[in-house]
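# Structural description and commentary
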Amino acid sequence: NFPHTIIFSLPVPQLFQQTHTPNPKAASQIKAMSTTTTNEQTKLNVLMVGTGEYTTGYVGGKGADSDKSAGVVALTMFDLRRRNKVSRVGMVGVNGTKFPGIRNHMQKCIGDVYDDMDLRCDTYPSDESVDPKAYLTAIETYKRGDVAVIFTPDDTHYEIALACIQKGLHVMVTKPICQTLKEHLSLSAEAKKAGVLVGVEVHKRLDPFYADARDRAAGLGDFQYLYAYMSQPKHQLETFKAWAGKSSDISYYLNSHHVDWSEWTLEGIARPVRVTSTSSTGVAKNKGMDTEDSITLTVQWENLKTKNLGCAVYTSSWVAPKADVHSQQRFFYMGSTGEVTVDQAHRGCTVAVDNQSFASVNPLFMKYTPTNGKFSGQQSYGVRSFENFMDACSEVNAGRKSVGEYNDGSIASVDTTLKGTAILEAGRRSLDADGQPMDIVYGEDSEPTGIEPHVF
């Protein structure tokens with residue numbers, strides 16, 4: 001490897017290569033950095049689609065005012081390259097004029113904080129361009145078996161993921177994978193046709209508290225009742241003002257976490273059959289945003305063996321007051337023989353620093369504090385979510401495992417997350433129909449095939 005003194009002596013503009021077409025020079029530089037003990041062909045090339053908070057931590061011309069100001073996706077990919085799992089790294093957005101600010105931000109939050117981080121990255125479009133279809137140019141510089149990680153507004157997921165799948169890329173998409181069951185079924189079919197692994201980034205499955213609750217729930221008999229709540233402070237409306245209420249809502253954004261946990265937990269136990277949605281309004285509209293403040297989904301579940309009914313209530317909000325945590329996250333689960341309560345927001349770890357707000361922190365999600373100068377968050381579930389998927393892609397590329405083997409729950413695959421999409425779409429449709437319940441229709445394979453208004 002190049003010594004880190006050489007890496008960090010590069011001027012900031014050189015750390016990210018702005019690119020229209022394949023950059024052989026950049027590729028050769030990356031290849032030269034490979035260790036002699038690792039076969040370059042076994043490493044993955046990664047394209048990050050989206051340049052916002054979760055990818056870079058950069059929002060509105062500055063670092064995000066959240067618990068992710070250093071980002072998650074890019075930091076993880078640079079660390080995976082440091083650990084010889086990733087080779088080329090690319091990033092594509094819409095507005096190339098943001099990239100100079102992103103480079104400076106990443107240097108400040110990653111390059112200046114952690115040793116041995118190579119931040120070189122091909123970027124699309126050029127620094128002078130604005131191009132909503134730049135992802136099409138970017139994916140042409142990648143080959144079959146490479147990986148795309150998509151963190152863009154919800155209404156763009158389907159179109160971008162479809163293009164990547166048809167190029168032969170493995171794809172990880174942030175939740176929700178798409179906004180309609182029809183789109184989800186289409187991606188599932190296209191992934192099978194292309195023979196690529198497609199997954200949803202749902203890191204709560206790797207939260208040890210949530211994972212343990214899931215395993216305990218399996219022994220608590222029939223599903224009876226769930227109440228789940230997740231919120232973020234109202235200043236997040238400014239972070240998401242470009243799409244809030246225009247192309248998506250708070251339910252797709254936050255309820256998706258606990259909806260996915262339910263689908264994962266109740267696989268083989270129960271299935272959702274009806275969704276009714278209600279909302280609260282006022283705060284966002286006073287800010288000029290035509291969207292709900294909070295959305296509650298009431299979901300009727302049917303236990304598969306007994307046909308007994310259970311009820312789940314999912315509430316999400318982005319108008320909470322600023323508190324000791326960025327995101328309140330908690331749930332109560334009751335089965336016919338027991339119950340589990342999890343408060344994800346409070347892990348018994350608090351931090352107080354002069355001139356900063358008192359905080360309840362969660363290093364289980366992301367550990368940003370370096371250890372001996374190195375990034376040491378590899379065991380955080382925010383990192384493991386990506387690394388597990390990348391490892392799965394490497395296994396598929398090497399022929400050691402098939403794509404279908406990852407429908408066992410180890411990955412939130414496109415084939416095993418259909419019920420979650422059905423719930424979220426039914427919730428939106430219920431809201432748009434003034435609270436009319438929506439029934440989820442199933443096919444012979446016990447997977448959802450459609451959504452219909454409930455007839456009383």
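Let me sum up the structure you'll find in this document. Here the structure is a predicted model, which means the values were calculated and not measured.

Our focus in this paragraph is empty space enclosed by the protein. Overall, the coordinates contain 3 cavities of 30 Å³ or more when judged by the stated rule. In this structure, the largest cavity spans a volume of roughly 130 Å³. Val200, Asp260, Thr417, Gly420 and Thr421 are the residues nearest the centre of the largest cavity, which is lined by 14 residues in total. Counting only elements with at least two residues in the lining of the largest cavity, the list comes to α12 (250-265) and α15 (418-432). Top element by residues in the lining of the largest cavity is α12. It accounts for 4 residues. Residues of the lining of the largest cavity, tallied by class, amount to 6 nonpolar, 5 polar and 3 charged.

What follows covers α15. A rise of 1.5 Å per residue sets the reference length of α15, with its 15 residues, at 21 Å; its end C-alpha atoms lie 21 Å apart and thus fit the reference within 8%. Burial analysis of α15 places 13 of its 15 residues in the buried class, which makes it a mostly covered element. Aspartate 434 sits one or two positions beyond α15 and adopts a positive phi of about 60°.

We now examine the side chain of threonine 265. Relative to the helices and strands, threonine 265 is located in helix α12. Non-local contacts of threonine 265, meaning those with residues more than four positions away in its chain, are made with Arg214 and Ala217.

Turning our eyes to something else, we now look at the environment of threonine 341. Secondary-structure assignment places threonine 341 in strand β15 (residues 339-343). Through-space distance from the C-alpha of threonine 341 to that of phenylalanine 331 is 5.9 Å; in sequence the pair is 10 residues apart. Dropping the residues within four chain positions of it, threonine 341 is found in contact with Phe331 and Phe332.

Another aspect to go through is the sheet that holds β15. A sheet is described by the order of its strands in space; here 8 strands give the open sequence β15-β14-β10-β13-β12-β11-β18-β19, paired in mixed fashion. The open sheet is flanked by β15 and β19 (448-453), the only strands paired with a single partner. Direction aside, neighbouring strands of the sheet carry axes that sit 15° apart on average. Most of the contacts of α12 go to strand β13 (residues 309-320), to which it runs at about 145°, and overall it touches β10 (223-233), β12 (294-303), β13 and β14 (328-335). Packed onto the sheet, α15 meets β11 (270-280), β12, β18 (438-442) and β19 and runs at close to 35° relative to β11.

Reading the values: rules and limits
Residues numbered from 1 in each chain as written. Predicted model: local features only at pLDDT ≥ 70, side-chain atom pairs only at ≥ 80, totals over all residues. Heavy atoms only, no water. 1 Å grid on protein atoms, 1.4 Å probe; cavity = no way out; pocket = protein on both sides within 12 Å on 5 of 7 lines; lining within 4 Å. Points joined across faces, edges and corners; volume = space filled by probe spheres on them. Helix = DSSP H or I, 4+ residues; strand = E, 2+ residues; numbered from the N terminus. Nonpolar A, V, L, I, M, F, W, Y, C, P; charged D, E, K, R; others polar. Expected span 1.5 Å × (residues − 1). Buried < 20%, exposed > 50% of the residue type's maximum accessible area, 1.4 Å probe, protein only. Contact = heavy atoms within 4.5 Å. Pairing = 2+ DSSP bridges. Axes fitted to C-alpha atoms, helices over the stretch in contact; angles between N-to-C directions.

None of the figures reported here should be taken as evidence of function without further support.
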